[in-house]
Amino acid sequence: TVGVRDAPPPKKVSKKKRKLLMKRPFLACRGIVTELTETAFPATHHAPAVTAALLPCARTLAAVDDRPTWEPALHAAPSQLKHVFKGDTYKEALAVVDPVARAAPVVARILEVLRDDLGFSVTLAFAPRPEGGDLRTWARTSMYGEEVLIPQRVLGTSGKMRLALRKPETWRLSTDTDVDVSNFSPSEADGVVSYDVDALVVQGKTSRKRFAAFEDVHKRCVVVNGREVPSLNGDYSITLEDDLTARIGSSNVTIREMHPHALPLRSAYEVGNCTATKSDDGRVHVFSVASGSMYERLLRVMMGSVVLHASKPVTFWLLREFLSSTFLEDVPALERALEAQIRFPPAISWPEFLIDGEGAKIGIRDDLQRLVWASKLLFLDGLFHAHQRIVFVDADAVVVGDVAELLTLNLGMAPYAMAPFCSGENMNEATKGHRFWESGFWQNHLEPHNETYKISALFVVDISTFGMIGDGLRTTYQYMGPDANSLQNLDQD
């Protein structure tokens, strides 16, 4: 990596060769070199963004020479870290780390284990990047599943915080706590938060390449336990519970590890064109996302307002991964009170091609709100493959009209329809000074095309048409997401 190379690879080097030159951190012990992968160290689910290789070396001094027998890879380490030791046996760990990198807490915990449990001598050097890093987060890695204590000095005395677990994308978690982990103050941080892995979300391949815009002319599917599962950019996701077994095509698949790799493309999985027909069941299917106690309270109000004015029976679809255990326990009682159905769509694993080199989701920037925005738009063709139309309503909205009217709205060939912000005589005077779309980039971008800036608090989606543009939408997002100046309002932009 950067700290151990004499010079960066030249720009003319191919991407494939450049990837080989950018060596991943590894362990070198008694001549056996092991990359720091999730197999060797599950805590490092993604490659740590350290600026030099982590080199814990267990070596025995040669009898004929009082100098240690360094592994060949150690010659690439900075000269100031090439110590010479005398003695019979010595174990040492050398690390050069960016202290504010995303992976710094992982590396720190590995070094603690090497020092305290394995008797290594640890040498640590800091190499911060010139552009700096995000100092708003505090992180701690649990190596053996031990509990993590958050000290009072981290909590402070004021402000709001969010507690999040960095986990493999294959884990579906349930949370057990009385603390509102999405939005709590220091005075409310009194209690225990426990996480349980209640299912694994495993990805599979329907192609040996990733489909971009309009390349997959016919939507590809696999049949999992009798249900058709569509491909998103060449990948599909299945949720495994209890015995971690599923029937894919004509093959029975059992997962026996907590960090499963993507299922390869196999003839036994019978990948083919999607054939399921979307039938009208006479209900209005309303999709929403809520995270945190406050939004869960607002969600209840929104659901009540929808049912009150709807002319057809309503089924609400909510993303389970954002909801608290308290809300999930209340679902049966809420269904009876509303006389409506509450369902949870199948989980979609965040695609690997939308994860950057540091293991972070592209465009999310460790912001829960941005993750909510992305989740409500990017994967609709996978979440609702069996439905004709879905109506999205924000959790903090109050509906005073009949959402069933949107089921017959003429969309033409548009995949979805969103409402424009009010303007002219209908404009809310209180919004003056905040209407950013009426100047600058958005004004210059929209006016020549006679278009208006839309709000994503309420929109209707034709799932069949969305399936035709979904791969292109996600590919466009992949290129726009890394730009910090892009997608400020992620879903609307």
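These notes cover the structure that comes with them.

What counts, and where the lines are drawn
- Residues numbered from 1 in each chain as written.
- Predicted model: local features only at pLDDT ≥ 70, side-chain atom pairs only at ≥ 80, totals over all residues.
- Heavy atoms only, no water.
- Helix = DSSP H or I, 4+ residues; strand = E, 2+ residues; numbered from the N terminus.
- Buried < 20%, exposed > 50% of the residue type's maximum accessible area, 1.4 Å probe, protein only.
- Contact = heavy atoms within 4.5 Å.
- Areas by Shrake-Rupley, 256 points an atom, 1.4 Å probe, with all protein chains shown as cover.
- Salt bridge = Lys/Arg side-chain N within 4 Å of Asp/Glu carboxyl O.

## Notes on the overall build of the protein
Along the protein, the regular secondary structure elements total nine helices and 19 strands. Counting across all 493 residues of the protein, residues that qualify as buried make up 42%. Intrachain contacts of the protein at a sequence separation of at least 6 include 72% that bridge at least 24 residues. With an accessible surface of roughly 27100 Å², the protein has 53% of that area assigned to carbon and sulfur atoms.

## Some words on the pattern of salt bridges
In total, this model carries 21 salt bridges according to the counting rule given. Here Lys160 makes a salt bridge to Glu188, at a shortest N to O gap of 3.9 Å. Of the two residues, Lys160 sits in the loop between helix H3 (152-155) and strand E6 (171-176) while Glu188 sits in the loop between E6 and strand E7 (194-205), which places them 28 residues apart along the sequence. Between Asp198 and Arg172 there is a salt bridge, with the nearest N and O atoms lying 3.0 Å from each other. In this pair, Asp198 sits in strand E7 while Arg172 sits in strand E6, placing the two residues 26 residues apart along the sequence. Several salt bridges share partner residues, and in doing so they unite Arg109, Glu112, Arg140 and Glu146 into one network.

## Brief notes about the environment of Asn273
Here Asn273 is to be found in strand E13 (residues 272-273). When its relative accessible area of 40% is taken as the criterion, Asn273 is described as partly exposed. Distance from Asn273 to Pro230, taken between C-alpha atoms, is 9.0 Å for residues 43 residues apart in sequence. Each residue touching Asn273, except ones within four places of it in the same chain, is listed here: His218, Lys219, Arg220 and Glu228.

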